[in-house]
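# Breakdown of the fold
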Amino acid sequence: MMTRSNPPKRRRAFAMLLAGFFLASFCFLARPIETSGTRSPSGAMQALDFFAAARAYPNATIPAQGHYRAFEYSKSNLQKKNAALRATEPWQLLGPKNVGGRTNAIAFNPLNPNTIYVGAASGGLWRSYTGGVGVEAWEYVDTGFPVLGVGAIAIDPLDSNVIYIGTGEVYGYQNSLGGVTVRTTRGSYGIGILKTIDGGATWSKSLDWTQEQQRGVQALALNPTNSSIIYAGTTEGTYKSMNAGASWTLVHNVPMAMDIDLNPLDPNIVFVACGDLGSPGAAVYRSKDAGATWQKLTNGLPANYTGKTILDIHPLEPNIIYAHVANDFNSLGIYRSTDSGDTWERRSSLDIAQYQGWYSHFVIVHPFDPETVIAGGIDLWKSVDGGRTFTRKSNWAAWQFGVVPIGGPEGPPNYSHADHHAAMYHPIDPDIVYFTNDGGVFRSRDNGETFEGVNGGYASTQFYNGFSCAWNDSNLAIGGLQDNSTVIYEGAAAWRRVIGGDGCWTAIDQQNHNVMYGEAQQLNIFKSLQRGHESSWFGVAGGIPTRNNASFVAPYIVSPFDPQTLYAGTNRVYKSTNAAGSWTATNGGRVLDNNPLVSLAMSATNTDTVYAGTSPITTRAHVFRTINGGLTWDDVTGALPDRYPMDIAVDPNDSRKVYVVFSGFGASHLFKSHDAGWTWIDIGAGLPDVPSSAVTVDPLFPEHIYFGNDLGVYVSVNGGGSWQEWREGLPSAVLVMDLTISPSNRKLRVATHGNGVWERTLLEAPDVSVHEPPQNIVSFRLEQNYPNPFSLQRGERTTIAYELENASAVQLVVYNMMGQEVARLQDGMVSAGRHSVRFEGKKLAAGAYFYRLRVGEAMLMRKMLVVE
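Treat the numbers as computed from the prediction; the structure is a model and nothing was measured. (Residues numbered from 1 in each chain as written. Predicted model: local features only at pLDDT ≥ 70, side-chain atom pairs only at ≥ 80, totals over all residues. Heavy atoms only, no water.)

## Notes on the sheet that holds strand 7 (residues 150-155)
Pairing in this open sheet of four strands is antiparallel, and the strands run 7-8-9-10 from one edge to the other. Looking at which strands have only one partner, the edges of the open sheet turn out to be strand 7 and strand 10 (204-208). Neighbour to neighbour, the strand axes of the sheet diverge by 25° on average, direction disregarded. Pairing of strand 8 (residues 163-167) with strand 9 (residues 192-196), which is carried by four bridges, proceeds in the antiparallel orientation. Bridge assignment links Ile163 to a residue of strand 9, and that residue is Thr196. (Pairing = 2+ DSSP bridges. Helix = DSSP H or I, 4+ residues; strand = E, 2+ residues; numbered from the N terminus. Axes fitted to C-alpha atoms, helices over the stretch in contact; angles between N-to-C directions.)

## Regarding the packing of aromatic side chains
Counting across every chain of the model gives 24 aromatic pairs. Against the face of Trp678 rests Arg625, its NZ or CZ located 4.4 Å from the ring centre. Positioned above the aromatic ring of Trp726 is the side chain of Arg760, whose terminal nitrogen or guanidinium carbon lies 4.1 Å from the ring centre. (Phe/Tyr/Trp six-rings, centres within 6.5 Å; stacked < 30°, edge-to-face > 60°. Lys NZ or Arg CZ within 6 Å of the ring centre and 35° of its normal.)

## Some details on the nonpolar core
Leu125, Ile153, Ile165, Trp203, Tyr659, Leu670 and Trp723 are the most contacted members of the largest nonpolar core, which totals 40 residues. For this core, the elements supplying multiple residues, two or more each, are helix 2 (66-77), strand 3 (103-108), strand 7, strand 8, strand 49 (658-662), strand 52 (692-697) and strand 53 (705-709). The contact partners of Tyr659, leaving out residues within four places of it in the chain, are Asp647, Ile648, Ala649, Leu670, Phe671, Lys672, Ile683, Val695, Val697, Pro702 and Ile705. One finds Ala507, Ile525, Ala580 and Ala612 within the second-largest nonpolar core, a separate group that totals 35 residues. (Core = buried A, V, L, I, M, F, W, Y, C linked by side-chain atoms within 4.5 Å. Buried < 20%, exposed > 50% of the residue type's maximum accessible area, 1.4 Å probe, protein only. Contact = heavy atoms within 4.5 Å.)

## Describing the pairing of strand 54 (residues 713-716)
The alternating pattern of strand 54 places Val713 and Val715 and Tyr714 and Ser716 on opposite faces, both of which are buried. Pairing analysis gives four bridges linking strand 53 to strand 54, with the strands arranged antiparallel. Directly across from Phe707, in strand 54, lies its bridge partner Tyr714. Where strand 53 folds back onto strand 54 in an antiparallel hairpin, the turn is made up of three residues. As paired strands, strand 54 and strand 55 (residues 724-725) are joined by two bridges and run antiparallel to one another. Residue Tyr714 lies in a different strand from strand 55, and its bridge partner there is Glu725.

## Examining the sheet that holds strand 25 (residues 380-383)
Strand order in this open sheet of four strands is 23-24-25-26, and the pairing throughout is antiparallel. The outermost strands of the open sheet, each flanked by one partner alone, are strand 23 (362-365) and strand 26 (391-392). In this structure, strand 25 lies alongside strand 26, joined through two bridges in antiparallel fashion. Looking at strand 26, one finds that Lys382 is bridged to Thr391.

Rendered as structure tokens:
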């Protein structure tokens, strides 16, 4: 009996199985925006195309060495700089811990089936010691390598400390889509196969593809009688190792080997299912001599198919084999062989995979009853007559809005999240079946009749950019997820789910936190006046025509200065001056460059200065700027690189200072302008050459720049002059999608595509040890204001005291939570000694403020509170 992984399998009492994973199926249209009762047939493809195109453009594919080379560069050059920066508290996970993310691979420990490993989409490898049950059921397993997508897992049935994982996720081989997009359809970076011999404590390279990162490993199978013999299904074909992964040989060169199965009674008989998205040679192949020669099986199977095929062999009667065969956008059927693949019969033509035959479906047979079959696609279906008839058992649309408890349930008993990638029977109890899908991990305890989520602590959700934090409430934030709607953070690890669809950009009215905005794909904007209550959302994008011209994840922004003003982008920029009540096309109704917008940013001090970045779809990418509220737009691209401008940040204190982040490879990733975009300075020197997505500026210390890419987070304390890793506490690699500051508690939050949301305290004043200013900086001390808090209604004033060692040039300034200056108390030369300043704050609203003392190039800052 063999042990394998990826697509669905169950093995016998002592074996295991598994599945695959990372970024694609995205069109889960939930009830608030569903109109037809079906899901869009192109959402998964659109999302994958959008995500991957930004990383490959202007090339057809990503560089072979790009991601791993950047990882090594960062580790060697950006970890060992200023120790004072590394000494701050590490990143802490905010969650969500009650919503799972897309998952493709699963395997039981054959010696202890309470231990389960799963491969998350872009979130790496996870382990549970409780069968997935409980509020902290899952823990992240850090391999020490930049592992994002885990597509296959195999565990040695005789020594469960020996584990192999296959990395990367690729659905299209070479130019399989024929120009539908600008690069090969793919998911995550792959680095080959990793191995551990100590239960995951340490890992080493087995099949080393760190220099070939376009490749992916979709399946792994161990010979049950000799676990030193391993087969790997990969994008390049089928590989075999005879020495426990020490070396590998290509034994079958048909590409896109999506599934592998071994006859458990005669493991020299090997089956491999090849093909996806129109790759050449798509078929089921069999070897009877352990991979030495191969035969294409055609007697009863389709002669041609464009999607992928998933197999399952009955462990007790291995002549019985099931195959779920699909084209890209529909199932061709469930096929069965009773003679070890010599002949096949189509048992059912039911379209279980539907429009995602290239992406998410499986078939699995009961370990004791070869007539009981479960097949998955969008939903789960069950047959008790050998696949002749199927009954739908799950309903993806039955999922629950609001706050589901950590560890479940996540909906009624017929709910399992959409887009199923794998399944696996429990090695001992055949009534228990586990499923992986775009909502994480689910299980049935009655052989596929009812289901429950087992995602407690499985922080594998995939956020997009457009994450938002409330400025005066550290316990309020909102962000959009791949295939899991929009979620709201309210101070707990269990987040609240709202709206539906793929969650995209979000916004919070910073003057009234009851007003919130969310979005489903392609600029379907929704608004709530009740702090995001599940039933309070209503559409506000009706005045924006032709949203099909929008990016899959389309940008819109709410002014922090005047929340009545919003901007939103398709291939035009639209403006609202009545809080999204109506929209008007800017620029006289003309497109900017006819490309869809991918980024937007606005001045914090006026509503007229806006920056926009466009995707290179019809022309090269551009950056535009308006300073008159959109009446006209200036092309300020200049010499900026032709890459996707994924993020723009405006200095909150000076809207002429702006930063632009670029994705892709082979060019700098961060540029800065001091003159509203007329000229640009490359400040990305020293940063890794890897796709990048996020930048933000500390409003109180604007020389502090935070930057995020496909590896993690970086910081500069001198305006981009030099950089350092700022990733303590994060996994070895995370796909950073957005960086957002929570001003009220001075935290930086990172929204990742695969590992949820994390936060870390912002760096404080760049003192001598951090900022390394000139030697003539003098010492000084800043005291806490007294009284604090102080009441304006009672006529109280507060006193700010400080002490100087020597006479110095001093600035003492009060800022609001947006980083805007509200009072300048001192600005000029001050003598040595102790000084105190009275502050009335007559025109201030109740709330939190900061005051900052600057002496030369060094600064100190404290927080004050004004109450009614």
